[in-house]
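Observations on the three-dimensional arrangement
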Number of protein chains: 2
Amino acid sequence: MRNIIIASTSTIHGSGYLDYILDDLKLFFNDAKNILFIPYARPSGISHDDYTEKASICFAKINKQVKSIHTFKNPIEAIKNAEAIFVGGGNTFVLTNQLHKNNLINALKTAINNGTPYLGTSAGSNICGLTIKTTNDMPIVYPPSFNALGFVPFNINPHYLDPDLTSKHMGETRETRIKEFHHFNTQPVIGLREGSWLKVTNNSIVLKGNLTARVFEYNKTPYEVGINTELNHLK
Amino acid sequence: MRNIIIASTSTIHGSGYLDYILDDLKLFFNDAKNILFIPYARPSGISHDDYTEKASICFAKINKQVKSIHTFKNPIEAIKNAEAIFVGGGNTFVLTNQLHKNNLINALKTAINNGTPYLGTSAGSNICGLTIKTTNDMPIVYPPSFNALGFVPFNINPHYLDPDLTSKHMGETRETRIKEFHHFNTQPVIGLREGSWLKVTNNSIVLKGNLTARVFEYNKTPYEVGINTELNHLK
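Within every chain, residues take consecutive numbers counted from 1 along the sequence as written. Here chains are named by letter from A upward and ligands by number from 1 upward, in the order in which they appear as written. pLDDT decides what is reported in this predicted model: residues at 70 or higher carry local features, side-chain atom pairs at 80 or more are listed and counted, and totals for whole chains, interfaces and linings draw on all residues regardless. The side-chain figures draw on all heavy atoms in the structure; neither hydrogens nor water molecules are used.

If you look chain A up in an unreviewed UniProt entry, it shows as dipeptidase E from Flavivirga aquatica. Looking at chain A in UniProt, the text filed under Subcellular location (unreviewed entry) is "Cytoplasm". UniProt positions are given in the numbering used here, feature names are shortened, and annotations may be inferred rather than shown by experiment. Chain A has a UniProt comment under Catalytic activity (unreviewed entry) that states "Dipeptidase E catalyzes the hydrolysis of dipeptides Asp-|-Xaa. It does not act on peptides with N-terminal Glu, Asn or Gln, nor does it cleave isoaspartyl peptides."

As structure tokens, then:
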């Protein structure tokens, strides 16, 4: 039985790290005392140690012990033996590259499909889709592949942002970028606004939080879905 | 003698395609009657034909004929024989992928280093740097490499955008992203605001337009440079 939370962001404006979702995480991680942290995405380039400390302080509030994968001799074994896994945000290319480098893609797939609870935020959510081709991040390293974990049969766009109609900037809006994606790819994309998450329970995929999400399907006009919508028919 | 224009954008807010730079282009392309257009970046996924028509209409204003590379049987020969080359904006990953696929990287390097005038805008400017690792684009296709043409000894960030201090969005600012880049790469990055361009004349690299540009050097505080600043010492 799969148990996955795919969150748009770790932090919403004006509150602390994971604060907005901590009550849900307490329930979600109910059966785990220890959480395996994967800090590879290194937001702002911070070290694995510093990032782990940040996660530890937060999870101590709900009485969870955090241990980071970079402190294990054998990271594949660490994933196999994990009671629960949290992959934090940062740069999706850096994260994907390190997962491939350490040969962890299959280990993660196996563990999570066998029921190890998984929390991803931002970059950690991007990798839950079919590919990382709808990340917002800068491609600061070249990973061996853009393929991702495929826990859901579509792509994720975290930190989804509506067009700023007053902007004089000529760079593409998020919607324009995702439409470009659909000139070269056919899978749906879910634009998750900050504060939203997808809750995957076995084969069910449900929108949570208190905002709508934007769904982009190939050759269709984008549309909004409300909270508690079942999304497992999308593919 | 190299002659290159590396422009942040094709279009500035409130004016037509290339309008802001057309007087300079007339001078720049003085010796060319025909311009070879490379439409591979396909902004908003438009077809090569439609994109070529857009460029043709614009260049007709300064009496230049535009012919697109996709209409030639042998694109390598088309580059070799070109009087001048224009690579338009769009998606940098799509552009880079197509250049590699058609085996055009070396042909472009040779032609431009031998003096064929080159105009790049946006994605067409990204590829003038050492790598495309500081593009703002979504990685909608997986190119065989992030290496670029290296006409300048640093990276370009086109459409450079200052942080919006009033924003409640938690996604990274452009400056944060470029600082992340410098945790994994050491070359400088030039943030070119819309309306700015670099003029490369042989070994000289000078900022043009009427805005300052932001320079990010490894392990240094970012700083602004004014118009007409010589940047060929950066590396």
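We are not done yet, so read on.
**A look at the interface of chain B and chain A**
The interface is formed by 47 residues belonging to chain B together with 47 residues belonging to chain A. In this description, buried area is defined as the sum, over both parts, of the accessible area (probe of 1.4 Å) that is lost when the two are combined. The contact between chain B and chain A buries some 3800 Å² in all, and 61% of this surface belongs to carbon and sulfur atoms. Of all residues in chain B, M138(B), I140(B) and Y142(B) give up the largest surface area on contact with chain A, accounting jointly for 19% of the area buried on that side. Salt bridge, as applied in this entry: a Lys or Arg side-chain nitrogen positioned within 4 Å of an Asp or Glu carboxyl oxygen. Where chain B touches chain A, the interface holds zero salt bridges. Distance and chemistry together define a polar contact, namely a pair of N or O atoms within 3.5 Å, with one atom able to donate a hydrogen and the other to accept it when in protein, and with adjacent residues in sequence counting only for side-chain atoms on both sides. Counting the contacts that link chain B with chain A gives 19 residue pairs in polar contact (both at pLDDT 80 or more). Labels follow the DSSP assignment, with helices taken as runs of H or I lasting at least four residues and strands as runs of E lasting at least two, numbered in each case from the N terminus. Of all the elements in the fold, those that place two or more residues in the side of chain B that touches chain A are α4 (92–101) and α7 (174–181) of chain B. Of all the elements, α7(B) adds the most residues to the side of chain B that touches chain A, at six residues. Every residue pair with non-hydrogen atoms within 4.5 Å of one another is taken to be in contact.

**Brief notes about helix α5 (residues 105–113) of chain B**
Residues and elements named next belong to chain B. Those residues of α5 that sit buried are I105, A107, L108, A111 and I112. For α5, the angular spread of the buried residues around the axis is 165°, confining them to a single face. The secondary structure elements touched by the buried residues of α5 are β1 (3–7), β2 (34–38), α3 (75–81), β4 (85–87), α4 and β5 (118–121). Looking at the residues trailing α5, positive phi occurs at G115, about 115°. Each residue is assigned to one of three classes by its accessible area relative to the maximum for its type, calculated with a 1.4 Å probe on protein chains only: buried under 20%, partly exposed between the two thresholds, exposed over 50%. Note that the arc is defined by the directions from the helix axis to the C-beta atoms.

**Some words on the sheet that holds β2(B)**
Residues and elements named next belong to chain B. What makes two strands pair is DSSP finding at least two bridges between them. Overall, mixed pairing links the seven strands, which are arranged β3-β2-β4-β5-β1-β8-β9 in an open sheet. Looking at the sheet topology across the chains shown, the edges are occupied by β3 (65–68) and β9 (204–208). On average, each strand axis in the sheet is inclined to that of its neighbour by 20°, with strand direction left out of account. Alignment of β2 against β3, held across four bridges, turns out to be parallel. Paired with I35 across the bridge in β3 is V66. Axis lines are fitted to C-alpha atoms, over the contacting stretch for helices. Their N-to-C directions set the angle, which ranges from 0 to 180 degrees.

**Quick look at the pairing of β1(B)**
Residue and element names in this part refer to chain B. Judged by how many residues are buried, β1 sits mostly within the fold: five of five residues are covered. On β1, burial covers both faces: N3, I5 and A7 on one face and I4 and I6 on the other are all buried. When β1 meets strand β8 (residues 197–201), the two strands line up antiparallel, connected through five bridges. Bridging from a neighbouring strand, N3 pairs with T201 of β8. Where β1 and β5 come together, four bridges link them in parallel fashion. Looking at the pairing, I6 lines up with G120 of β5.

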